[in-house]
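Report on the structure
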Amino acid sequence: MTTVTPVEGTERALRWAALLDRARLLARRFEERSEKAYASGEFVGENIRELIDAGITAINVPADLGGFEATLEENTRLLRIIAGGCGSTAFTLAIHAVLTGSMRSDLSVAVRERMFGAVRDGAFVVGPFTDEGSGGNWVRPSTTARRVPDGFVLDGLKHFATGYDAATHLVVTAGLDDAHLEPPFNLAAFFVEKPEEGIEVVAPWSGFALPMTGSHSLKLAGLRVDADDSVFPDGLTPLFVMARQQWGHYCFAAVFLGLAERAYELAVERTRGRATTAVSDLARLPGIQFAVARMRSSIATMDALLTEYATRHVDPGEDLPAFVADTCVPKYHITNEAEHVVATAFEVIGGSGIRDGSRIGQIWRDVKAGPLLPFTNDMAREFIGKATLGISPVETPRWV
Ligand SMILES: Cc1cc2nc3c(=O)[nH]c(=O)nc-3n(C[C@H](O)[C@H](O)[C@H](O)COP(=O)(O)OP(=O)(O)OC[C@H]3O[C@@H](n4cnc5c(N)ncnc54)[C@H](O)[C@@H]3O)c2cc1C
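**What to know about the overall build of the protein**
The secondary structure content of the protein amounts to eleven helices and seven strands. By the compact-globule yardstick of 21 Å for 400 residues, the protein fits well, its C-alpha radius of gyration being 22 Å. Looking at the protein as a whole, 54% of its 400 residues are labelled buried. Sequence separation of 24 or more characterises 76% of the internal contacts of the protein that already satisfy a separation of 6 or more.

**So, the site of the ligand**
Neighbouring the ligand are 22 residues, the closest being Thr130, Gly136, Phe160, Thr162 and Thr376. Contact distances for the ligand include 2.6 Å between an oxygen atom and a backbone N or O atom of Gly136. At 3.2 Å, a backbone N or O of Leu372 approaches an oxygen atom of the ligand. Contact with the protein chains hides 75% of the accessible area of the ligand, taken as 970 Å² for the molecule alone. Mapped by element, the contributors of at least two residues to the shell around the ligand are α4 (87-102) and α11 (377-389). In the shell around the ligand, the residues fall into 13 nonpolar, eight polar and one charged.

**Here we look at helix α8 (residues 286-312)**
In this model α8 runs 38 Å from its N-terminal to its C-terminal C-alpha over 27 residues, within 8% of the 39 Å that 1.5 Å per residue would give. Turning to α8, its buried residues number three or more, namely Ile288, Ala291, Met295, Ser298, Ile299, Met302, Leu306, Tyr309 and Ala310.

**What to know about the nonpolar core**
Formed by 116 residues in total, the largest nonpolar core has its most connected members in Ile56, Leu154, Val171, Phe190 and Phe256. Among the elements that take part in this core, helix α7 (residues 245-271) stands out by supplying 16 residues, more than any other. If sequence neighbours within four positions are ignored, Ile56 has contacts with Leu19, Ala23, Leu26, Leu51, Leu78 and Leu93. Counting residues in each nonpolar core, the second largest holds six residues, with Val324, Ala325, Cys328 and Phe383 among its members.

**Overview of the packing of α7 against helix α9 (residues 320-349)**
Two elements in contact, α7 and α9, have axes whose closest approach is 8 Å; the angle formed by their N-to-C orientations is 15°. With respect to their mutual orientation, α7 and α9 come out roughly parallel. Crossing hand, α7 versus α9: left-handed. Its residues assigned to classes, the contact of α7 with α9 shows 21 nonpolar, six polar and two charged.

**Structural notes on a nonpolar patch on the surface**
On the surface, a cluster of nonpolar side chains totalling about 240 Å² of accessible area is made up of Phe185, Leu236 and Leu239. Within the element layout of this structure, Leu239 appears in helix α6 (residues 237-242). Looking at Leu239, the relative accessible area reads 37%, which means it is partly exposed.

**Remarks on the domain arrangement of the protein**
Domain annotation of the protein identifies domain 1 (7-123), domain 2 (144-235) and domain 3 (243-389). Here the C-alpha centre of domain 3 lies 31 Å away from the C-alpha centre of domain 2. The interface of domain 2 with domain 3 comprises six residues on the first partner and seven residues on the second. In this assembly, domain 2 packs against domain 3 so that about 510 Å² is buried in total across both faces, 70% of it on carbon and sulfur atoms. It is Phe208, Ala209 and Leu210 that lose the most area in domain 2 upon contact with domain 3, and together they represent 78% of the buried surface on that side. Between the two partners, domain 2 and domain 3, sit zero salt bridges. Linking domain 2 with domain 3 are two residue pairs in polar contact (both at pLDDT 80 or more), by the criterion used here.

**Considerations on the side chain of Asp178**
The residue Asp178 is located in the loop between β4 (169-176) and β5 (187-193) in this model. Polar side-chain contacts of Asp178 include one of 2.7 Å to the side chain of Arg147.

Definitions and cut-offs
Residue positions are counted from 1 within each chain, in the order its sequence is given. Owing to the predicted nature of the model, reporting of local features is limited to residues with pLDDT of at least 70; listing and counting of side-chain atom pairs is limited to 80 or more, with chain, interface and lining totals taken over all residues. As a rule here, side-chain values come from all non-hydrogen atoms in the structure, and water together with hydrogens is ignored. Numbering of helices and strands runs from the N terminus; a helix is a DSSP stretch of H or I covering at least four residues, while a strand is a stretch of E covering at least two. With the radius of gyration taken over C-alpha atoms, the globule rule is written as 2.2 Å times the number of residues to the power 0.38. The buried label goes to any residue with under 20% of its type's maximum accessible area, the exposed label to any with over 50%, and the partly exposed label to all in between, with areas taken from a 1.4 Å probe on protein chains only. Whether two residues are in contact is decided by their heavy atoms, any of which lying within 4.5 Å being enough. Proximity criterion: a residue is near a molecule or strand once any of its heavy atoms comes within 4 Å of it. The definition of a polar contact used here is a pair of N or O atoms within 3.5 Å, where within protein one atom must be able to donate a hydrogen and the other to accept one, and adjacent residues in sequence count solely through side-chain atom pairs. Computed with the Shrake-Rupley method and a 1.4 Å probe, the accessible areas treat only the protein chains shown as cover for residues. Any residue outside Ala, Val, Leu, Ile, Met, Phe, Trp, Tyr, Cys, Pro, Asp, Glu, Lys and Arg is labelled polar, Gly included; the first ten of those are nonpolar and the last four are charged. What a helix should span is 1.5 Å times the count of its residues minus one. Buried Ala, Val, Leu, Ile, Met, Phe, Trp, Tyr and Cys residues that are joined via side-chain atoms within 4.5 Å together make up what is termed a nonpolar core. Orientation is described by lines fitted to C-alpha atoms, with helices fitted over the stretch in contact, and by angles between N-to-C directions that extend from 0 to 180 degrees. For classification, angles of less than 35 degrees are called roughly parallel, those exceeding 145 degrees roughly antiparallel, those between 65 and 115 degrees roughly perpendicular, and all remaining angles oblique. With the far helix as reference, a near helix turned anticlockwise by less than a right angle produces a left-handed crossing, and one turned clockwise produces a right-handed crossing. Two joining distances apply to patches: 9 Å for like charges and 5 Å for nonpolar side chains (Val, Leu, Ile, Met, Phe, Trp, Tyr), and every residue must have over 30% relative accessible area and no salt bridge. We define a salt bridge as a side-chain nitrogen of Lys or Arg found within 4 Å of a carboxyl oxygen belonging to Asp or Glu. Where each domain begins and ends follows an automated or database-derived domain assignment. A 1.4 Å probe defines the accessible area here, and the buried area is the portion of it lost by two parts on being joined, summed over both.

Spelled out as structure tokens, the structure:
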């Protein structure tokens, strides 16, 4: 009996293979650029333009709107490849991927068509959520949204607006001033074209890690948004956000796994066949071999973990807090484990890694950001621990 493969399936497989090839090619080019631009922290705008031209920023457009509708696992694959070339580009792309991938369902029809029509045509979406007063607890914003006829007026200070210079659109969060909505249920998110007024960069980004992400601080002063820009129904935004946490956790984990994978490759390349006056071949030293073995098995474990979660733990199901705890597992493990792999690679490469502009040095700096991104280590441990022990996530003692 002959098995007939559906045409869409074959076409999709071919498109996917082409996307992977293109991503690999771009990653090499981004790495060359990174070697020159990392020290100055120049924003990765040219790289983002090339990702748009390659169709990589449009992979999450839903099939019913003519798109590729990439799975979450496919997003993580591409992010790992891009991170191998440039952490800043991969993280900036990750923000866009998280927003576009997680918002394919449950949006109002108007926002959905506007968002994905724009993304199909080359839009780049960024998400300034973190507020001056909220830190990583951005479901409790300090930016306010005051109701006015037909819309809202936003005021506040946002930090870490990754990719702002390349943005054509923003998903921006704020707290509604309605008396009946207690935090965090006053959280609201708005999808807007990058505004020309009411928002300005007040502190340009200059980061120790991921320095080329352009994660500026933004002042929102009387920023006007329409009622139709509201992404989720009033009062329900935190629940919708929780049900999408898998996108943030797995895509962020992918970036840091991609960095670790590149560090490992660099360590192997630098060591194999390298001789000194004392040692004919560094690769023959047991210490080097053991380090390579440790890195390789650690990467294989992270790969298996992320693949498992990004394919089998993507549906929130009935128990939302348990699901969120689940999604913390790969993010927590991988962002911390990636640091160990990169540190080992650094040691294997040796003193040359300390030299200004070394690629392993850039990766060592970038990988430090992983555990600081939401959910931070403390929050991830709390969610996982409480869920495992059958304790509600809002039960005291806790921090918030
Ligand atoms: C390079 C980079 C790019 C970023 N890009 C974006 C972006 O595009 N959009 C965006 O919105 N944000 C972005 N962020 C911000 C990020 O999402 C987090 O909000 C931020 O890193 C954490 O906030 P904070 O550093 O202010 O720490 P805080 O939230 O002030 O936390 C400080 C410490 O207190 C602990 N802590 C705080 N609250 C709790 C709690 N409730 N329970 C347990 N422990 C707690 C934390 O674990 C941490 O150790 C970016 C961050 C970085 C580093």
